[in-house]
Amino acid sequence: RLAVGNTGRLAGAWAVENYEGKLIIGPDGNGETGSCLSVKNLGAHGDTAFEVTSPPTPVTGGAKFRLRFSWRANRSLEQLGGHKGHYLTQLEWRDAANQPVEPQSFSFGKPAKEWQTAQVTGAIPEAAASVVLRFGWDHPNLSVNEFFALDNVALEVQPQRAAFEPGGEIVSRPMRVA
């Protein structure tokens, strides 16, 4: 499930960039909770750069956020690198003109056959009006029979104003104090 916001639904169509078409990128039924995104190399050699990108999602600058997702891979994904602004793993905060203002990169970790849960938290940059989620990399390459899977992607943004009152009153029946 790739979701953004509170609806739990996919926020528009995600774009897929598959350099030289060497990878198989698409849904797979072996997700943590059903279907997941799978990126596999079943026999190609050479550059396997790719990226899966969400459409821009509106956010409020200064608000706190949490990006949660599940992942697994049979290779180390501790150090990821892009190429000339492509094939990146990051939250790309954008301003009202849809221009990047402050990217926030992250990585995954050591090889894991079992599903791992990860999260990225922080404050949205003040100048940000939207965010684009980017999952991908140029290096390291996915070698033959290596894979990466992604599931349960959710971005939660705390509203600026809390959903409660700063003060209140409680009415209760009398209680014995002992």
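The rules behind these values
- Residues numbered from 1 in each chain as written.
- Predicted model: local features only at pLDDT ≥ 70, side-chain atom pairs only at ≥ 80, totals over all residues.
- Heavy atoms only, no water.
- Helix = DSSP H or I, 4+ residues; strand = E, 2+ residues; numbered from the N terminus.
- Buried < 20%, exposed > 50% of the residue type's maximum accessible area, 1.4 Å probe, protein only.
- Contact = heavy atoms within 4.5 Å.
- Areas by Shrake-Rupley, 256 points an atom, 1.4 Å probe, with all protein chains shown as cover.
- Phe/Tyr/Trp six-rings, centres within 6.5 Å; stacked < 30°, edge-to-face > 60°.
- Polar contact = N/O pair within 3.5 Å; in protein donor to acceptor, adjacent residues only side chain to side chain.
- Core = buried A, V, L, I, M, F, W, Y, C linked by side-chain atoms within 4.5 Å.
- Pairing = 2+ DSSP bridges.
- Axes fitted to C-alpha atoms, helices over the stretch in contact; angles between N-to-C directions.
- Salt bridge = Lys/Arg side-chain N within 4 Å of Asp/Glu carboxyl O.

Visitor: Describe the overall build of the protein chain, and please don't skip the residues or the numbers.
Guide: The helix and strand tally for the protein chain stands at zero helices and 11 strands. Counting helices and strands in the order they occur from the N terminus, the protein chain gives β-β-β-β-β-β-β-β-β-β-β. Relative to its 178 residues, the protein chain shows a buried fraction of 41%. Across the protein chain, every contact between residues at least 6 apart in sequence was considered, and the portion connecting residues at least 24 apart equals 81%. On the protein chain, roughly 10300 Å² of surface is accessible, and the fraction owed to carbon and sulfur atoms is 50%.

Visitor: Would you mind going over the packing of aromatic side chains in detail, with residue names and values included?
Guide: Following the criterion strictly, the structure yields 14 aromatic pairs and no others. Ring centres of phenylalanine 65 and tryptophan 93 lie 5.0 Å apart, and the angle between their planes is 65 degrees; on these two criteria the pair is classed as edge-to-face. Placement of the pair is phenylalanine 65 in strand E6 (residues 64-73) and tryptophan 93 in strand E7 (residues 90-94), with a sequence separation of 28 residues. Take phenylalanine 65 and tryptophan 93: they sit in the same class, and that class is buried. Each ring, one from phenylalanine 108 and one from phenylalanine 148, has its centre 5.0 Å from the other, and the planes form 55 degrees; the classification is tilted. Taken as a pair, phenylalanine 108 in the loop between strand E8 (100-105) and strand E9 (112-123) and phenylalanine 148 in strand E11 (residues 147-157) lie far apart in primary sequence, 40 residues in all. For phenylalanine 108, a relative accessible area of 12% corresponds to the buried category. On the basis of relative accessible area, phenylalanine 148 is assigned to the buried category, the value being 1%. A connected cluster of aromatic rings, assembled from ring pairs, spans Phe50, Phe69, Trp71, Phe106, Phe108, Phe135, Trp137 and Phe148.

Visitor: Describe the side chain of aspartate 28, naming the residues involved and giving the relevant values.
Guide: Relative to the assigned elements, aspartate 28 resides in strand E2 (residues 24-28). Only 2.7 Å separates the side chain of aspartate 28 from the backbone nitrogen of asparagine 30, close enough to count as a polar contact. In this structure the side chain of aspartate 28 is engaged in a polar contact, spanning 3.1 Å, whose partner is the side chain of lysine 40.

Visitor: If you had to explain the nonpolar core to someone new, which residues and values would you point to?
Guide: Counting residues in hydrophobic clusters, the biggest one holds 32 residues, and the most contacted among them are Leu67, Phe69, Trp71, Leu91, Phe108, Phe135 and Phe148. Elements with a minimum of two residues in this core: strand E3 (36-40), strand E4 (50-53), E6, E7, E9, strand E10 (130-137) and E11. At five residues, E6 tops the list of elements feeding residues into this core. Ignoring sequence-local partners within four residues, the contact set of leucine 67 consists of Leu91, Phe106, Ala118, Gln119, Val120, Leu133, Val153, Ala154 and Leu155.

Visitor: Can you break down the sheet that holds E6 residue by residue, with the values?
Guide: Read across the open sheet, the five strands follow the order E2-E3-E11-E6-E9; overall the sheet is antiparallel. Looking at the sheet topology across the chains shown, the edges are occupied by E2 and E9. The mean angle between the axes of side-by-side strands here comes to 25 degrees, regardless of whether they run parallel or antiparallel.

Visitor: Go over the pattern of salt bridges, please, and point to the residues and values.
Guide: Two side chains carrying opposite charge are able to pair once their charged atoms lie near each other. Per the counting criterion, the structure on display carries nine salt bridges. The salt bridge involving lysine 22 is made with glutamate 20; its shortest N-O contact spans 2.9 Å. Arginine 134 is paired through a salt bridge with glutamate 92; the nearest N and O atoms lie 2.7 Å apart. Of this pair, arginine 134 sits in strand E10 while glutamate 92 is found in strand E7, placing the two residues 42 residues apart along the sequence. By sharing partners, the salt bridges in this structure join Glu51, Glu92, Arg94 and Arg134 into a single network.

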